[in-house]
Amino acid sequence: MHDDRVLVEARLERVLRERIRPAVYPLTAPLDVEIWSTAGEPVPVAEGLAAPTLPIAEGTPWGAPWGTSWFKVCGAVPAEWAGRTVEAVLDLGFTPRTPGFQCEGLVYRPDGTPVKGLHPRNSYVRVASPALGGEQVHWRVEASSNPDLDGGGVPFQPTQMGERATAGDAPQYVLGPMRLAVFDETVWNLVMDLEVLGELMAELAVDAARRWEILRAVGRALDAVDLQDVNGTAQAARDELAGVLAAPAVPAAHRISAVGHAHIDSAWLWPLRETVRKVARTASNMTALLEEEPEFVFAMSQAQQFAWIKEHRPEVWARVKEAVADGRFVPVGGMWVESDTNMPGSEAMARQFVHGKRFFLEEFGLESEEAWLPDTFGFAAGVPQIIRAAGVRRLLTQKISWSRTNSFPHHTFLWEGIDGSRIFTHFPPVDSYNCEMRGRQIAHADRNFKEKGAATRSLAPTGFGDGGGGTTREMVAKAARLRSLEGSATVQWEAPAEFFAKAEAEYACPPVWVGELYLELHRATLTSQAQTKRGNRSSESLLREAELWAATAAVRVAAPYPYAELDRIWKTVLLHQFHDILPGSSIAWVHREARETYRRVGEELEGIIAGAQRALAGEGSTQLVFNGAPHDRSGVPAGGAAPEAGPGGLVAPVPREGGGYVLDNGLLRVEIDDRGLVVSTYDIGAGREAVAPGQAANLLQLHPDFPNQWDAWDVDAFYRNTSSDLVEVAGMEVAGSSVRVERVFGASRVVQLLSVPWGVKRLDIDTEVDWHERERFLKLAFPLDVKADRYASETQFGHVYRPTHQNTSWEWAKFEACNHRFVYMDEPGWGVAVVNDATYGHDVTRSVRGAGTTTTVRASLLRAPRYPDPETDQGVHRFRHALVPGATVDDAVREGYRANLPERRVTGAVAAVEPLATVREEAAVVSAVKLADDRSGDLVVRIYEAHGGRTRATVSVADGFAVDRAVLTDLLERPLAGADPLATGQGTVRLALRPFQMVTLRIPRT
Ligand SMILES: [Zn+2]
């Protein structure tokens, strides 16, 4: 037979596009449309419904950036359409861009009940089926004219659209046709048949018989279509396709569990307030689709988004609750938001699950067992233990498929964290959280799946995401055809839990991946928007103190415990750990609001702390030091208060021969040269120099930083090829007991204060940068005379080791990584820690020192990407770092806490405040002291092994608590089934901890 394949394929494409798809709506009638617009903030629904409207015609521009318009849409179904299916098709002026990145709307009835959302791939509203004729349509559409920030077709260009004040007021959209239409379901089904078969055909081998079988059927179907009467002949065309559509999948076909989904970024290229509406639109659409499609299942994550619906859209909430009760609208993920997981601290990461799971339990009675983080930029090695401790067993993400250097070897595997906790993890091989049921995607999932032969299943999150939208009826129709179709993977709608149960059951021995799931992309999210990073770190530290001191005040002096305030503040801080806020990848509006929010959170927490300390101290003139850190300090017990003991204060700088200053406290001798660089930090007791020979520490280095794409997200490896050292000094002097160094570079200025306290081997460096650079990367370097093959970076409840070399492509790709409060490296018996109070990004490299190697640690301070926020990081920033020579890992942990939890001095009447809980062993670190969230008054103490070894810990608990009834609990403070009874003594609880093990101890009141 002659080869006419290309001819038939081209015919299919043209006939579908130009004849069959347009015949889905063969008859139309215009609707009357009126509009009322506000360029300001959204108005309440009642106000929008009542707003005075004016007529607007198709083709009229509307919608200032970030404005809201209320359309009034009225009409009647023509009498001659009786018996037909009638829909309204409402084109707000949609562009070819995908849903969520342009205008969108929510349709209401006149009484304010929502009907469904509108987006460019879902712009219909069913009116009647069958129509009687004469049905009246009276709707209001709340439409958002959100600007397209990728306008112009060139991605990642600086834009002023990301902030209301700079976005202007030019209309963003042109009203499209708004009309009633007869919906021809047969033609629509023919479109679905042809799309599924055409897309499947394109994925099959050209010499595969099945491909030709489909091609011939498609040819016959096209022959059967009368192009002058598509509606009259569509059924005949469908009949020609029935045979090839009925051919079942082969037994070995890959099995895809489709989960309806709309990945909704809680903020990104839109402000938080718009996400509230995005969620309502998507949820309205999905509850409507669930009513129409009995087999469809939709999963929504992020308790915060459910909470928004509950608070802001009660009518939508009622429908969601109903659909959840039916088991088909599935709350998934058990987290407050889909957070970043690299940067959130131990407690915050734990609270993401506490607040997420608790919301799902309280609202729906659901115990989430799946963590759902499809889009998060890498996963810290401390996270598996937290997931486990929250009662979650499984994890889904697809983001690691974005890695640019190495292809991750597994799709279904056990992920093992630093403490040995393992989580059953699935990476959907479809490599997307926005599957549209396209043949290309289904075939990619099948081909890509790396567990073939050992496992048969994968999950496909299906629906428009990022900016919302969700699943469409077309995706559902395609899934139905793919249920069992020869040549394709099979598709079945399933809730995530159903998929995981089957995937676990069929895969007894999945491979194991140990340590972090590092994303080889988006490494700059550890640095961009430095104020957001500082706000997060400082809020986490203040929350620790607020809980500690409020609990202490509640127990010691019966002060009221601020349950409601802490619950609200935690949720605010957790929201801002969303994977485009804390990573710094949102528009200017989001980060401006984040800075304001962190300031308010800080003030409120300072108020709680001050109130509790005032209640504890009483009125008097005794000088008390409150120590919120988990280690005793200056004679003040951890978690307690006492008069300050010890010398305290800073060493006075003395002039150095040859210029500069010397800071010497008898333990450490630091030399600062005439350039303001630290050329020596000598550990006097150990007789060792910490600074690499011929090098200088506290060296600021500036790199050009213009990544190939994703400006706020990415720093590309070539940034290192060019660097300038900031060694010019604009001024150096003694300021108090510090050496003050000033430098000017570019349009920026930096002032540093270097100081050495008495009694410890530590150089403190406070850096203030007035930053006005563009597309540059500022690093603070510490070249150290330590030969280290690996170094430790603090992560949640412990630390993770990374190599300092780049033997493999996996190691090379980790050229920028995350630390919490410290990085640490050592040779046996002698190490160095570099601690910080607000930075996360860093790099560690090796250099030759003549003989042997040295290790350079560089903290990442500032960048200045211009997309999506063109003014990223402009302005004044403060950083605190400390270099701790001669440190053990214990010192690194302790100094990390110290830098983030300054002592607080209060005058009062009491001599001291005893801690509520004390752990004597250095390795056992208290991560939280609080009262139980259930308001029982029970004390909750979370403790972890921080050194990576084993320890026995004795926890002494304040009087008034029944240590004999102490229990170990999960993160939600629920007693753990099967946990060993705690050996208790006189007011103490004894624990045996594995390396990096974290436990939550709950102790009732007597
Ligand atoms: Zn996302």
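Residues numbered from 1 in each chain as written. Predicted model: local features only at pLDDT ≥ 70, side-chain atom pairs only at ≥ 80, totals over all residues. Heavy atoms only, no water.

Caption draft 1: Quick peek at the environment of A205. By the secondary structure assignment, A205 is in the loop between α3 (185-203) and α4 (209-224). Distance in space between the C-alpha atoms of A205 and T95 is 35 Å, their sequence separation being 110 residues. (Helix = DSSP H or I, 4+ residues; strand = E, 2+ residues; numbered from the N terminus.)

Caption draft 2: Broad picture of the packing of helix α1 (residues 5-20) against α3. At a closest axis distance of 11 Å, the pairing of α1 and α3 adopts a crossing angle of 155°. On the basis of the axis angle, α1 is roughly antiparallel to α3. Seen along the crossing, α1 lies across α3 with a hand that is left-handed. Counting all contacts with α1, which are made through E9, L12, L16 and I20, the residues of α3 involved are V187, L190, V191, L194, E195, G198 and M201. In terms of residue class, the contact of α1 with α3 is built from eight nonpolar, one polar and two charged. (Axes fitted to C-alpha atoms, helices over the stretch in contact; angles between N-to-C directions. Parallel < 35°, antiparallel > 145°, perpendicular 65-115°, else oblique. Left-handed = near helix turned anticlockwise from the far one by under 90°. Contact = heavy atoms within 4.5 Å. Nonpolar A, V, L, I, M, F, W, Y, C, P; charged D, E, K, R; others polar.)

Caption draft 3: Spatial organisation of the sheet that holds strand β45 (residues 904-908). Spatially, three strands are ordered β24-β23-β45 in an open sheet, and the strand pairing comes out antiparallel. The sheet is open, and its two edges are formed by β24 (641-642) and β45, each paired on a single side. Of the strand pairs in this sheet, strand β23 (residues 622-626) and β45 are connected by five bridges, and their pairing is antiparallel. Note on β45: the bridge partner recorded for F626 is R904. The sheet strands contacting helix α16 (residues 588-617) are β23 and β45, and the helix crosses β45 at an angle near 40°. (Pairing = 2+ DSSP bridges.)

Caption draft 4: Structural view of empty space enclosed by the protein. Within the structure shown, the criterion is met by nine cavities of 30 Å³ or more. The computed volume of the largest cavity comes to approximately 260 Å³. Forming the boundary of the largest cavity are 19 residues, of which G345, S346, E347, E540 and R821 lie nearest the centre. Contributions of two or more residues to the lining of the largest cavity are made by α9 (346-364), α14 (530-557) and α18 (889-900). For the lining of the largest cavity, the element with the highest residue contribution is α14, accounting for five residues. If you add up the space inside the second largest cavity, you get close to 140 Å³. Lining the second largest cavity are 14 residues; nearest its centre among them are P803, E811, K814, F815 and V844. The set of elements that each furnish at least two residues to the lining of the second largest cavity consists of β38 (798-803) and β42 (841-848). A total of three residues in the lining of the second largest cavity trace back to one element, the largest contributor, which is β42. Residues of the lining of the second largest cavity, tallied by class, amount to five nonpolar, four polar and five charged. (1 Å grid on protein atoms, 1.4 Å probe; cavity = no way out; pocket = protein on both sides within 12 Å on 5 of 7 lines; lining within 4 Å. Points joined across faces, edges and corners; volume = space filled by probe spheres on them.)

Caption draft 5: Here's a closer look at the pairing of strand β2 (residues 32-38). Two elements, β2 and strand β5 (residues 67-76), share seven bridges in a ladder whose sense is antiparallel. Counterpart to E34 in the pairing with β5 is K72.

Caption draft 6: Inspection of the nonpolar core at higher detail. Counting residues in hydrophobic clusters, the biggest one holds 216 residues, and the most contacted among them are I20, F329, I943, L991 and L1001. Among the elements that line this core, the one with the most residues is α16, at eleven residues. When neighbours within four sequence positions are excluded, L991 is seen to be in contact with I943, T951, R952, A953, V955, L968, L982, V999 and L1001. A697, Y791, L861 and L862 belong to the second largest nonpolar core, which has 46 residues in total. (Core = buried A, V, L, I, M, F, W, Y, C linked by side-chain atoms within 4.5 Å. Buried < 20%, exposed > 50% of the residue type's maximum accessible area, 1.4 Å probe, protein only.)

Caption draft 7: Fine view of the pattern of salt bridges. By the definition in use, this model includes 95 salt bridges. Its salt-bridge partner being E504, residue R394 comes within 2.7 Å of it at the nearest N-O pair. On the criterion of sequence distance, the pair formed by R394 in strand β17 (residues 394-396) and E504 in helix α13 (residues 496-506) is long-range, its members being 110 residues apart. We classify R394 as buried; its relative accessible area is 4%. Accessibility expressed as a relative area gives 23% for E504, which makes it partly exposed. For D934, the salt bridge goes to R1002, with nearest N and O atoms at 2.5 Å. With D934 in the loop between β47 (924-931) and β48 (939-945) and R1002 in strand β52 (residues 998-1003), the pair connects residues that are 68 residues apart, well separated along the chain. (Salt bridge = Lys/Arg side-chain N within 4 Å of Asp/Glu carboxyl O.)

Caption draft 8: Structural detail: the packing of aromatic side chains. With the rule as written, the count across this model stands at 40 aromatic pairs. Measuring from centroid to centroid gives 5.8 Å for F101 and W268, while their planes differ by 85°, and the two rings are edge-to-face. Pair noted here: F101 is in the loop between β6 (86-90) and β7 (104-108) and W268 is in the loop between β13 (255-261) and α6 (272-292), with a separation of 167 residues, a long-range link. Of the two residues, F101 and W268, both sit in the buried class. Positioned over the ring face of W188 is R473, at 5.6 Å from the centre of the ring. We note R537 situated over the ring of Y840; from NZ or CZ to the ring centre the distance is 4.5 Å. (Phe/Tyr/Trp six-rings, centres within 6.5 Å; stacked < 30°, edge-to-face > 60°. Lys NZ or Arg CZ within 6 Å of the ring centre and 35° of its normal.)

Caption draft 9: Highlighting the coordination of the zinc ion. The protein atoms that coordinate the zinc ion are H263 (NE2), D265 (OD), D375 (OD) and H579 (NE2), at distances spanning 1.9 to 2.1 Å. Considering all four donor atoms around the zinc ion, the spread of angles at the metal, 90 to 159°, places the coordination shape in the irregular class. Sequence spacing of the donor residues for the zinc ion, all on one chain, is H-x1-D-x109-D-x203-H. Taken together, the positions of D265 in the loop between β13 and α6 and D375 in the loop between β16 (370-372) and α10 (383-389) put the pair 110 residues apart, joining distant regions of the chain. D375 matches D265 in its accessibility class, with the two residues each being buried. (Donors = N, O, S within 2.8 Å, 3.2 Å for Na, K, Ca; no water. Tetrahedral: all angles 85-135°; square planar, octahedral: opposite > 155°, others 65-115°.)

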